[in-house]
Amino acid sequence: MGRSPRRDLLAGLTVAIVALPLALGFGVASGAGAEAGLATAVVAGALAAVFGGSDFQVSGPTGAMTVVLVPIVHEFGVPGVLTVGLLSGLLLIALALAGAGRFMAYVPAPVVEGFTLGIAGVIGLQQVPAALGVEPGGAGNVLAGAWQALGDFTLHPDPASAGLAAGVALVMLLGARLRPGVPFSLLAVVAATAVAGLAHLDVATIGHLPSGLPAPSLAFLDPSSVPHLATAALAVAALAALESLMSATAADAMSVSERHDSDRELFGQGLANLAAPLFGGVAATGAIARTAVNVRSGAASRLAALAHAAVLAVVVFAAAPLVSGIPLAALAGVLIATAVRMVEVASLRAIARAGRGEAAILALTAGATLAFDLVTAVIVGLVVAGVLALRQVARTAALAQEPLHTGPPPGGHRKQEQALLAEHIAAYRIDGPLFFAAAHRFLLELAETTPLRAVVLRLSHVTAIDSTGALVLADAITKLRRRGVLVLVSGVRDEHRRTLDALGVLDALEVEGLVLATTPEAIARAEHLTDATHPKTAPRTAR
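Residues numbered from 1 in each chain as written. Predicted model: local features only at pLDDT ≥ 70, side-chain atom pairs only at ≥ 80, totals over all residues. Heavy atoms only, no water.

A. Inspection of the overall build of the protein at higher detail. Along the protein, the regular secondary structure elements total 23 helices and 8 strands. Going through the 543 residues of the protein one by one, you find that 49% of them count as buried. Counting every atom, the protein has about 24,800 Å² of accessible surface; 64% of that belongs to carbon and sulfur. (Helix = DSSP H or I, 4+ residues; strand = E, 2+ residues; numbered from the N terminus. Buried < 20%, exposed > 50% of the residue type's maximum accessible area, 1.4 Å probe, protein only. Areas by Shrake-Rupley, 256 points an atom, 1.4 Å probe, with all protein chains shown as cover.)

B. Highlighting the nonpolar core. Counting residues in each nonpolar core, the largest one holds 81 residues, and the members touching the most others are Leu24, Ile72, Ile206, Val236 and Ile326. Here this core gets 11 residues from one element, more than from any other, and that element is helix H3 (residues 63–97). Grouped together as the second largest cluster of nonpolar side chains are 38 residues, Ile425, Val456, Leu457 and Val505 included. (Core = buried A, V, L, I, M, F, W, Y, C linked by side-chain atoms within 4.5 Å.)

C. Geometry of helix H10 (residues 262–275). Taking 1.5 Å of rise per residue, 14 residues should cover 20 Å, and H10 covers 20 Å from first to last C-alpha, within 8% of that figure. Listing the buried residues of H10 in full gives Glu265, Leu266, Gly268, Gln269, Gly270, Ala272, Asn273 and Ala275. Each element contacted by the buried residues of H10 is listed here: helix H2 (34–51), strand S1 (59–60), H3, helix H9 (230–254) and strand S2 (285–286). (Expected span 1.5 Å × (residues − 1). Contact = heavy atoms within 4.5 Å.)

D. Geometry of the pattern of salt bridges. As enumerated under the stated definition, the model contains 7 salt bridges in all. Of the charged contacts in the structure, one is a salt bridge between Arg429 and Asp431, with a shortest N-O distance of 2.8 Å. Across the pair, Asp431 and Arg429 agree in class, each one buried. Several salt bridges share partner residues, and in doing so they unite Arg497, Asp501 and Glu510 into one network. (Salt bridge = Lys/Arg side-chain N within 4 Å of Asp/Glu carboxyl O.)

E. Focus on unusual backbone geometry. The phi angle at His200 is positive, at roughly 55°, despite the residue not being glycine. You can see His200 is positioned in the loop between helix H8 (184–198) and H9. With a relative accessible area of 70%, His200 lands in the exposed category.

F. Up close: the pairing of strand S7 (residues 486–490). Summarising burial for S7: 5 of the 5 residues are buried, a large majority. Burial of the side chains of S7 extends over both faces: Leu486, Leu488 and Ser490 are buried on one face and Val487 and Val489 on the other. Both strand S5 (residues 454–458) and S7 contribute to a ladder of 5 bridges, which runs parallel. Bridging from a neighbouring strand, Ala454 pairs with Leu486 of S7. Here S7 runs beside strand S8 (residues 515–516); their pairing, made up of 2 bridges, is parallel. Looking at the pairing, Val489 lines up with Val515 of S8. (Pairing = 2+ DSSP bridges.)

From the geometry alone we can't say anything about function, so treat these as descriptive.
Take a look at the structure:
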């Protein structure tokens, strides 16, 4: 942290300017209040910076987490949110100790982009009541809530709130295009607050903010209520892990030589989520937008993220009265613009061009986020992605017939012998994985082979085999032998032996010496046992 303190302090100040309106807005949007957003940004931001696994990560309240916290506030109140924060912190520490960070690589890109798109939609729709200056209704779904707010607005229009929200959003979106390095979010909020004060507009404001962080609080739910929050805590922990590791990965991509430690990052986020609720904060994650600002502002170490938390702490202690006068409509405009900027059109187009399956995963994940909740959306996306991946892998499995002999074609009498041999013996190579998604197709192909005296099954090209594949292989061998066909197996790989031996697939063949190391050996033994060059001789198949 002592390498480039000036650069780090400047970067931290820049991030704090960007983070202030976001922390306030996400605190209000979560239902826990603006002070909860600030407390989270200060406490969680500092602890995650020290104990996390990335030098450039900036943590705090995020829009994605807000989506998960809103229903918890509605059902259990603020104590429920604090309890969930503690439980999710413990779960994140457990995930870190279990080494779960490496599994982030298995989340498909369409799922990530899909729930990011869905979250952007949810955040934008959640801000409609505040942006229009109407009280949020009791609708359980954001689409229904936004529609209800539009209906209330037509009956009792509030042009002042709508104008402030639209103005802040437009300034942020246009400013980001013209001058990306200028903190237009803060400038727009300051301007909106000044306009509302000078014009004496009747708009709702943040209201009272404590002049300092709240004292450590134990206003949590009764322990008997904890089991009811288990699902919510799992959702919060899963989201915190996913978003934090995504953010850290993005920081690696934007920097020259940074490589984060996934498990340490989970540990740092766990400690941050344990501590934030003690000061009235909500669950926190690594924030992609703030982390990107940190890297682009020239941050060189963790000092930048610590400086960001320190600047926000100064705001809490020294400028609470000024912050209290910010109109809620202005913060709604900030979050609407943030939601719009979350949508990466180029990424969506790239995934859509990658194939209909990828586009379907993205669309289903985004739709499930809007219609249900984030956890359901991720599960839907992962299940659909898994099914499509299995389908694609299953297509790589194939059954191919191999020549019985290599080298130049023979001539004369030997050529006639080989032609006769090919009528009675066939060698088949099984390529790719032999597992539940592809095994039955393999059995059908093998069952359709023409009547033969002997079949050699070459297994050296099988990449994976599960119990279903092994049982189907055993069934195919049994059916061929019942038809009087001699079955030989070659090239069994050592890593597949355990599954095959556990199910006794090759036991009978092993006893009869019909399992050989190489395919040429198996073909030679089949020639010897069937005497295929003498068609009047009956095949001597093993019983």
